[in-house]
Amino acid sequence: MQLSFILVFVFILPIVRAQVPHWGPCPEPAVQPAFTLKQFMGRWFEIAKLPAQFEKGRCIETNFSLTSENSIRVVSSEILKGDLRKIEGTGVIEDLKNPAKLGISYSYVLPYTPYWILSTDYVNSALVYSCTDVLRLFHVDFAWILGRTRTLPDSTIEKAKDIFAGNNIDVSRMIPSRQEGCDKTL
Ligand SMILES: *[C@@H]1O[C@H](CO)[C@@H](O)[C@H](O)[C@H]1NC(C)=O
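Residues numbered from 1 in each chain as written. Predicted model: local features only at pLDDT ≥ 70, side-chain atom pairs only at ≥ 80, totals over all residues.

Under an unreviewed UniProt entry, the name given to the chain is Apolipoprotein D, and the source organism is Sparus aurata. As its UniProt record puts it under Subcellular location (unreviewed entry), the chain is described as follows: "Secreted". (UniProt positions renumbered as here; feature names shortened; annotations may be inferred.)

Written as structure tokens, this is what we have:
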């Protein structure tokens, strides 16, 4: 108990404060049925995200490519303070019975974090959710609306938010990503 207490206040709280913490364990949203990893590959632009961050880049995009039947290479880029920054990671389908539940890691020293495809048509938009339980007391989550183009119609964004909300994911603090003046990217 003592150790948990110290962990929460010294280590976890500072991280969580930057995010959007919610009491209780992670929700268990429905994910894309019959998800096909191969069709999801290629370039996706970030249209909106949760949570809001103070210092954030613009023109955020990710390029996924298959490295095997169930693993991928992930290259994300953004423009931050005028510089193009890239990070590279790996992703895996952790349980083949649940192909829409990926795990992604941006470093060898970091564990895979959940990257769940809640819904996608592969050619226009995708809804992604990531949630981590903290001591079963509360959870920290992230959600993204991705597009194959840098902008999506408002109706698509509204529908995406409805799907998140219908899965008990609070997207009231979701913010649009900036996707203008992006010619420096890939
Ligand atoms: C995405 O990655 C693939 C495989 O590495 C590469 O062939 C392709 O050019 C990349 N596309 C972009 C837009 O970076």
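Trainee: Account for the overall build of the chain, naming residues and giving values.
Mentor: What the chain contains, in helices and strands, is three helices and 10 strands. Written out in order from the N terminus, the α and β elements of the chain read α-β-α-β-β-β-β-β-β-β-β-α-β. Counting over 186 residues, the chain shows a buried share of 24%. Long-range contacts, defined as pairs at least 24 residues apart, comprise 52% of the intrachain contacts of the chain with a sequence gap of at least 6. (Helix = DSSP H or I, 4+ residues; strand = E, 2+ residues; numbered from the N terminus. Buried ≥ 20, exposed ≤ 12 C-beta atoms within 10 Å, placed from the backbone. Contact = placed C-beta atoms within 7 Å.)

Trainee: Can you lay out the confidence of the model for the chain for me, pointing to particular residues and giving the numbers?
Mentor: Confidence in the prediction of the chain, expressed as mean pLDDT, is 88, and 85% of residues score 70 or more. Mean pLDDT across the secondary structure elements of the chain bottoms out at helix α1 (residues 2-17), with 52, and peaks at helix α2 (residues 37-40), with 98. (pLDDT = per-residue confidence, 0-100.)

Trainee: Go over helix α3 (residues 154-166) with me, naming the residues and quoting the values.
Mentor: With 13 residues, α3 ought to run about 18 Å at 1.5 Å a step, and its terminal C-alpha atoms sit 18 Å apart, in line with that. Trailing α3 by a residue or two, N168 shows a phi angle of about 65 degrees, which is positive. (Expected span 1.5 Å × (residues − 1).)

Trainee: Give me unusual backbone geometry: which residues, what numbers.
Mentor: Residue P51 is bonded to the preceding L50 through a cis peptide linkage, with omega at 0 degrees. Checked against the element boundaries, P51 lands in the loop between β2 (42-50) and β3 (58-68). Backbone geometry places C59, a non-glycine residue, at a positive phi of 60 degrees. Here C59 lies in strand β3. Within the chain, K81 stands out as a residue other than glycine whose phi angle is a positive 50 degrees. When you line up the elements, K81 lands in the loop between β4 (71-80) and β5 (83-93).

Trainee: Any chance you could break down the pairing of strand β9 (residues 138-147) for me, citing the residues and the numbers?
Mentor: In terms of burial, β9 is largely enclosed, as seven of its 10 residues are buried. One ladder, built from five bridges, connects β2 with β9; its direction is antiparallel. The residue bridging K49 from the neighbouring strand is W144, located in β9. Pairing between strand β8 (residues 125-134) and β9: 10 bridges, direction antiparallel. Bridged to S130 within β9 is F142. Linking β8 to β9, which pair antiparallel, is a turn of three residues; within it L135 sits at a positive phi near 55 degrees. (Pairing = 2+ DSSP bridges.)

Trainee: Tell me about the nonpolar core, and please be specific about residues and values.
Mentor: By size, the foremost hydrophobic cluster in this structure holds 28 residues, and its most contacted members are W116, I117, L127, V128, Y129, A143 and L146. Going through the elements one at a time, α2, β2, β6 (101-105), β7 (113-120), β8, β9 and α3 are the ones with two or more residues in this core. L146 has contacts with W44, F45, E46, I47, S125, A126 and V128, leaving out every residue within four places of it along the chain. (Core = buried A, V, L, I, M, F, W, Y, C linked by C-beta atoms within 7 Å.)

Trainee: A description of the environment of F164 should follow, citing residues and the corresponding values.
Mentor: Relative to the helices and strands, F164 resides in helix α3. Once the C-alpha coordinates of F164 and I145 are considered, the two residues, 19 residues apart in sequence, prove to be 9.9 Å apart. Excluding residues within four positions of it along the chain, F164 makes contact with L127, A143, I169 and V171.

Trainee: An account of the pairing of β8 is needed here, citing residue identities and associated values.
Mentor: One ladder, built from four bridges, connects β7 with β8; its direction is antiparallel. Looking across to β8, one finds that S119 is bridged to L127. Counting the residues in the hairpin turn of β7 and β8 gives four residues, including Y122, whose phi is positive at 70 degrees.

Trainee: Go over the environment of R136 with me, naming the residues and quoting the values.
Mentor: Structurally, R136 is set in the loop between β8 and β9. For the pair R136 and C26, spaced 110 residues apart in sequence, the C-alpha to C-alpha distance is 8.3 Å.

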